[in-house]
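Fold and contact review
The primary structure of each chain is shown beneath.
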Amino acid sequence: VLSKKDSADRARQAIALVLPADLRVQLPGGRGSAVEEMLRSTQLALDFAAALSLVMAIFIVLNTLRMNFHERRRELAVLRALGATSRQVSRLLLTEALSVGLLGAAVGVLLGWLVALGLTQAMRRLLQYEVPTPELDLPMVALAVAVGETAVLVAAYWTVRQARSITPVEGMSEGELRPRERIPIRNVVTALIGWTIAAGLLMAVRNELLASVFAIPAGLLMLASYLAVLPALVGPLVGVGRR
């Protein structure tokens, strides 16, 4: 039984050197192949879930920060009226976002490790196969925290840009921050083109013209295209529902 750091090809070559000439080394068939195929499919699904979680986290954090800014725009406008510069307000929002993001990344790493332990036990019972126990690898933990903070920074950029464009008078007013803007038609066209490309990639993967790993960026492109075109569909759908 090989550990996760061993290579089957290297092990096979090493064993072949010490065997008699009438014996040969080969991988076990049947059950071993089925287990490896299931593990490969599970790994692909987990990779897609990880990438999907990252993209959805950016959108969720973006919406949360924008709602937070909208609820506190009066307080921020008061700070501007008292002499705070737009750079200071932006630094305040970024510091707050990074602090909350760091806490969320720490909790996420811990919960992810616990879920991985539970998933490992479930795979062992399901496959009757020795699946390696996940370990907390410090470089991987640092990478996870860095990715989480990067997602927060990407989402916070739009909120900071909106905060810098609001004057104290606008911030303390009762009305909306800006009149409702129309969705540019180029955004809708770009989203439809992206969705078409993603569908083509998925069909190529289904017909085995591309490797299965291409399904991950194709799925993310399809999700991003859907989210980009969604604002243009909300208005008509609400109108239909009202009528």
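Below you will find a few notes about this structure. (Residues numbered from 1 in each chain as written. Predicted model: local features only at pLDDT ≥ 70, side-chain atom pairs only at ≥ 80, totals over all residues. Heavy atoms only, no water.)

**Regarding the pattern of salt bridges**
Operational definition: Put simply, a salt bridge is a Lys or Arg side-chain nitrogen that is within 4 Å of an Asp or Glu carboxyl oxygen. Helix and strand assignments follow DSSP, with helices taken as H or I runs no shorter than four residues and strands as E runs no shorter than two, numbered in order from the N terminus. Residue exposure (1.4 Å probe, protein chains only): buried if accessible area is under 20% of the type maximum, exposed if over 50%, otherwise partly exposed.
Enumeration over the complete set of coordinates arrives at two salt bridges. A salt bridge links Arg12 to Asp9, with the nearest nitrogen and oxygen atoms 2.8 Å apart. With a gap of three residues between them, Arg12 and Asp9 both fall in helix α1 (residues 8-18), about one helical turn apart. Residue classification places Arg12 among the partly exposed residues on the basis of a relative accessible area of 33%. Judged by its relative accessible area of 43%, Asp9 is partly exposed. Among the ionic pairs, Glu96 bridges to Arg72, the shortest N-O distance being 2.9 Å. Of this pair, Glu96 sits in helix α4 (residues 86-127) while Arg72 sits in the loop between α2 (31-71) and α3 (73-81), and the two are 24 residues apart along the sequence. The exposure class assigned to Arg72 is partly exposed, which follows from its relative accessible area of 25%.

**Comments concerning the environment of Ala191**
We count it as follows: Contacts between residues were defined by any pair of non-hydrogen atoms, one from each residue, lying within 4.5 Å.
Structurally, the position occupied by Ala191 is in helix α7 (residues 185-206). We classify Ala191 as buried; its relative accessible area is 6%. For Ala191 and Leu221, which are 30 residues apart along the polypeptide, the C-alpha to C-alpha distance reads 9.1 Å. Not counting chain neighbours up to four residues away, the residues in contact with Ala191 comprise Ser225, Ala228 and Val229.

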